[in-house]
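# Structure at a glance
Below, each chain spelled out in residue letters.
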Amino acid sequence: MSIKIKKVSNEVFLAIDEIIKFDKESISFLKERAKESSIGRSRICAHRKTDDLLQEMFIAISSDSYIRPHRHKNKAESFHLIEGEADIVVFYDDGSIKEVIKLGSKDNFYYRLDIPYYHSLLVNSPFLIIHEITNGPFDPLSSDYADFSPSEGSQEVKTYFDELTKRVKDFI
């Protein structure tokens, strides 16, 4: 792997090179860490500190990873697709679907959201690899999670995940 990293947690790694390069071995590393992760995700942060104004991450998300619908106030986020396929689901406040953005080699390869809509994603390939950019500083309490969705790790997740997958298919 051409990138030197420091482990922050089982899912989070920090790039420590002065000049950061990301190669196919880095993608393989992320996939392996996501497979081992209880949440099905892993990331390498290209930014130096959690209080950097620009937050840049390479993220692997497995198809069974549940990302609870959430929104960010005063924050923008963008995804640039590297590999895989997914549906980004944008919700109204009541949990109904506003829009579904398809990411994939035959669809969109870029997405940006800077309006505080609830959003989530469903991965339609074994893994989704994205380059995410958002404004910092990182504050784990800044995400507003949707009341219409179950918390990560709760018993209701599988039922909600399955229902959401069906709703997205019906919406498209």
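Residues numbered from 1 in each chain as written. Predicted model: local features only at pLDDT ≥ 70, side-chain atom pairs only at ≥ 80, totals over all residues. Heavy atoms only, no water.

### Details of the sheet that holds strand 4 (residues 54-62)
As summarised here, the arrangement of the seven strands in space is 1-2-3-4-11-6-9, forming an open sheet in which the pairing is mixed. Both outer strands of the open sheet, strand 1 (5-7) and strand 9 (110-113), are each paired with one neighbouring strand and no more. Adjacent strand axes in the sheet meet at a mean angle of 25°, parallel and antiparallel pairs treated alike. Here four bridges tie strand 6 (residues 77-83) to strand 9, and the two strands are oriented antiparallel to one another. From the neighbouring strand, His80 faces strand 9, where its bridge partner is Tyr110. Helix 1 (residues 24-36) rests against strand 1, strand 2 (12-15), strand 3 (41-45), strand 4, strand 6 and strand 11 (127-135) of the sheet, and its axis sits at about 140° to strand 3. (Pairing = 2+ DSSP bridges. Helix = DSSP H or I, 4+ residues; strand = E, 2+ residues; numbered from the N terminus. Axes fitted to C-alpha atoms, helices over the stretch in contact; angles between N-to-C directions. Contact = heavy atoms within 4.5 Å.)

### Re the pairing of strand 7 (residues 86-91)
In terms of burial, strand 7 is a largely internal element, six of the six residues being buried. Examined bridge by bridge, strand 7 and strand 8 (residues 97-103) share six bridges and lie antiparallel to one another. Counterpart to Ile88 in the pairing with strand 8 is Ile101. The antiparallel pairing of strand 7 with strand 8 creates a hairpin that spans five residues between the two strands, and Gly95 there sits at a positive phi of about 95°. Pairing geometry for strand 7 and strand 10 (residues 118-123), over six bridges, is antiparallel. Considered in strand 10, the bridge of Ile88 is made with Leu121. (Buried < 20%, exposed > 50% of the residue type's maximum accessible area, 1.4 Å probe, protein only.)

### A short note on the nonpolar core
Membership of the largest hydrophobic core comes to 19 residues, with the highest contact counts inside it found for Ile61, Phe79, Ile88, Tyr111, Leu121, Leu128 and Ile130. Counting only elements with at least two residues in this core, the list comes to strand 4, strand 6, strand 7, strand 8, strand 9, strand 10 and strand 11. Beyond its immediate chain neighbours, meaning those up to four positions away, Ile88 contacts Phe79, Glu99, Val100, Ile101, Leu103, Tyr111, Ser120 and Leu121. Core analysis: the second largest hydrophobic core is formed by 13 residues, Phe91, Ala146, Val157 and Leu164 among them. (Core = buried A, V, L, I, M, F, W, Y, C linked by side-chain atoms within 4.5 Å.)

### Notes on the packing of aromatic side chains
To describe a pair of aromatic rings, you give the distance between the ring centres and the angle between the ring planes. Enumeration over the complete set of coordinates arrives at seven aromatic pairs. Centre to centre, the rings of Phe22 and Phe58 are 3.9 Å apart; their planes meet at 10°, and the pair counts as stacked. Separated by 36 residues along the polypeptide, Phe22 in the loop between strand 2 and helix 1 and Phe58 in strand 4 bring together distant segments of the chain. Three or more aromatic residues joined by ring pairs form one cluster here, namely Tyr66, Tyr160 and Phe161. (Phe/Tyr/Trp six-rings, centres within 6.5 Å; stacked < 30°, edge-to-face > 60°.)

### Focus on unusual backbone geometry
Here the bond from Gly136 into Pro137 is cis, since omega is 0°, no more than 30 degrees from zero. Its place among the elements puts Pro137 in the loop between strand 11 and strand 12 (143-145). Backbone geometry places Asn74, a non-glycine residue, at a positive phi of 60°. If you trace the backbone, Asn74 turns up in the loop between strand 5 (70-72) and strand 6. Overall, the relative accessible area of 77% leaves Asn74 in the exposed class.

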